[in-house]
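Notes for the structure review
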Amino acid sequence: MMSLVMFDYDGVIADSLEAHVKSFLAAFRDNGCMKVNTAQDVIDLYEDNVYRSMAAFGLSEEEIDRILESYNANQALLLDQIQLFPQIRELFSELVSAGHRVIIITSNTAEAVSGVLNKREIFGVEKVMGSETAKSKIKKIHMAMGWHPDLKAYYVGDTKGDIFEGRQAGAATVGVAWGWHGPEKLMESRPDHLIYEPGELIQLIG
């Protein structure tokens, strides 16, 4: 049976934590925000929707947008360094070959994500829905589910915020143990499923 499989990108597909942290910390510093100073500070932003976490610091929408603009510029210099997690290329190939619809829903930009996917030869992704589409993953998941209303929908993420938003959107949530929050932190958000390697997702959705 075909399914709609929606993926987060950073920490699920791309082993991008080092580049992400470096780019985000520089962006905060460049914009005079000293409330995020360490790698752990960045990771903690993803216990909720990252934009809500930033707003909770008292940052205005305009300040958040300026930080994101700086982040995107910093990240662009590091994209060639980003590698995929093991077995990811094989996972996507199997999903597409089996007829599943694959969409990436991320807080990153679609341009950055698509660039890395193309360079690393990941094909068959129907659409990348980045921050340009909406800042809420709930909204983006709803949009994707609306395109495929007859398919069982899964959202695959590596942070508590991913699982919270996937659940609120009505998708079955799959936490990945290899991502930024790790299995213990991830289980605090009670994902419907927890997997420890990409191949387990094929077994899960059939």
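Up top you'll find the structure we're talking about.
Residues numbered from 1 in each chain as written. Predicted model: local features only at pLDDT ≥ 70, side-chain atom pairs only at ≥ 80, totals over all residues. Heavy atoms only, no water.

**Quick notes on the packing of helix 1 (residues 17–30) against helix 4 (residues 61–76)**
- It is at 8 Å that the axes of helix 1 and helix 4 come closest, and there the two elements cross at 135 degrees. Classed by the angle they form, the pair helix 1 and helix 4 counts as oblique. Read as a crossing pair, helix 1 and helix 4 show a hand that is right-handed. For the pair formed by helix 1 and helix 4, the contact residues are His-20, Ser-23, Phe-24, Ala-26, Ala-27, Phe-28 and Asp-30 on the first element and Ile-67, Leu-68, Ser-70, Tyr-71, Asn-74 and Gln-75 on the second.
- For the contact of helix 1 with helix 4, a count of residues per class yields seven nonpolar, five polar and one charged. (Axes fitted to C-alpha atoms, helices over the stretch in contact; angles between N-to-C directions. Helix = DSSP H or I, 4+ residues; strand = E, 2+ residues; numbered from the N terminus. Parallel < 35°, antiparallel > 145°, perpendicular 65-115°, else oblique. Left-handed = near helix turned anticlockwise from the far one by under 90°. Contact = heavy atoms within 4.5 Å. Nonpolar A, V, L, I, M, F, W, Y, C, P; charged D, E, K, R; others polar.)

**Overview of helix 7 (residues 137–147)**
- Within helix 7, burial applies to Lys-137, Ile-138, Lys-140, Ile-141 and Ala-144. Each buried residue of helix 7 sits inside an arc of 165 degrees when the element is viewed along its axis, so together they form one side.
- Next to the buried residues of helix 7 lie strand 1 (3–7), strand 4 (101–105), strand 5 (127–129), strand 6 (152–157) and helix 8 (160–169). (Buried < 20%, exposed > 50% of the residue type's maximum accessible area, 1.4 Å probe, protein only. Arc of directions from axis to C-beta.)

**Regarding the sheet that holds strand 7 (residues 172–176)**
- The strand order across the open sheet built from six strands is 5-4-1-6-7-8, with neighbouring strands paired in parallel fashion. Each edge of the open sheet carries a strand with a single partner, namely strand 5 and strand 8 (193–195). Between one strand axis and the next, the sheet turns by 25 degrees as a mean value, whatever way the strands run.
- Strand direction decides the pairing type here: strand 7 and strand 8, joined by three bridges, are parallel. Within strand 8, the residue paired with Val-176 across the bridge is Ile-195.
- Helix 6 (residues 110–119) contacts strand 4 and strand 5 of the sheet and is inclined by roughly 140 degrees relative to strand 5.
- Packing of helix 8 onto the sheet brings it into contact with strand 6 and strand 7, and relative to strand 7 it is tilted by some 170 degrees. (Pairing = 2+ DSSP bridges.)

**Brief notes about the pairing of strand 1**
- Of all five residues in strand 1, five are buried, a share of seventy percent or more.
- Pairing geometry for strand 1 and strand 6, over five bridges, is parallel. Looking across to strand 6, one finds that Ser-3 is bridged to Lys-152.
- Note: strand 1 against strand 4, four bridges, orientation parallel. Bridge pairing links Leu-4 to Arg-101 in strand 4.

**As for the packing of helix 7 against helix 8**
- Two elements in contact, helix 7 and helix 8, have axes whose closest approach is 9 Å; the angle formed by their N-to-C orientations is 45 degrees. Between helix 7 and helix 8, the angle falls in the class oblique. Pair helix 7 / helix 8 crosses with right-handed handedness. Facing Lys-137, Ile-138, Ile-141, His-142 and Met-145 of helix 7, the residues of helix 8 in contact are Asp-162, Glu-165, Gly-166, Gln-168 and Ala-169.

**Thoughts on the pairing of strand 6**
- Burial analysis of strand 6 places five of its six residues in the buried class, which makes it a mostly covered element.
- Where strand 6 meets strand 7, four bridges bridge the pair, whose relative direction is parallel. Counterpart to Val-156 in the pairing with strand 7 is Val-174.
- The β-α-β motif built from strand 6, the intervening helix 8 and the parallel element strand 7 has right-handed crossover chirality. (Right-handed = clockwise from strand over helix to strand, strands pointing away.)

**Considering the pattern of salt bridges**
- According to the stated counting rule, one finds nine salt bridges in the structure shown.
- Between Asp-8 and Lys-137 there is a salt bridge, and its shortest N-O distance comes to 3.2 Å. Placement of Asp-8 in the loop between strand 1 and strand 2 (14–15) and of Lys-137 in helix 7 is noted, with a sequence separation of 129 residues between them.
- Here Asp-8 falls in the buried class, since its relative accessible area comes to 4%.
- Accessibility expressed as a relative area gives 4% for Lys-137, which makes it buried.
- The residue Arg-101 makes a salt bridge to Glu-126 at a minimum N-O spacing of 3.0 Å. (Salt bridge = Lys/Arg side-chain N within 4 Å of Asp/Glu carboxyl O.)

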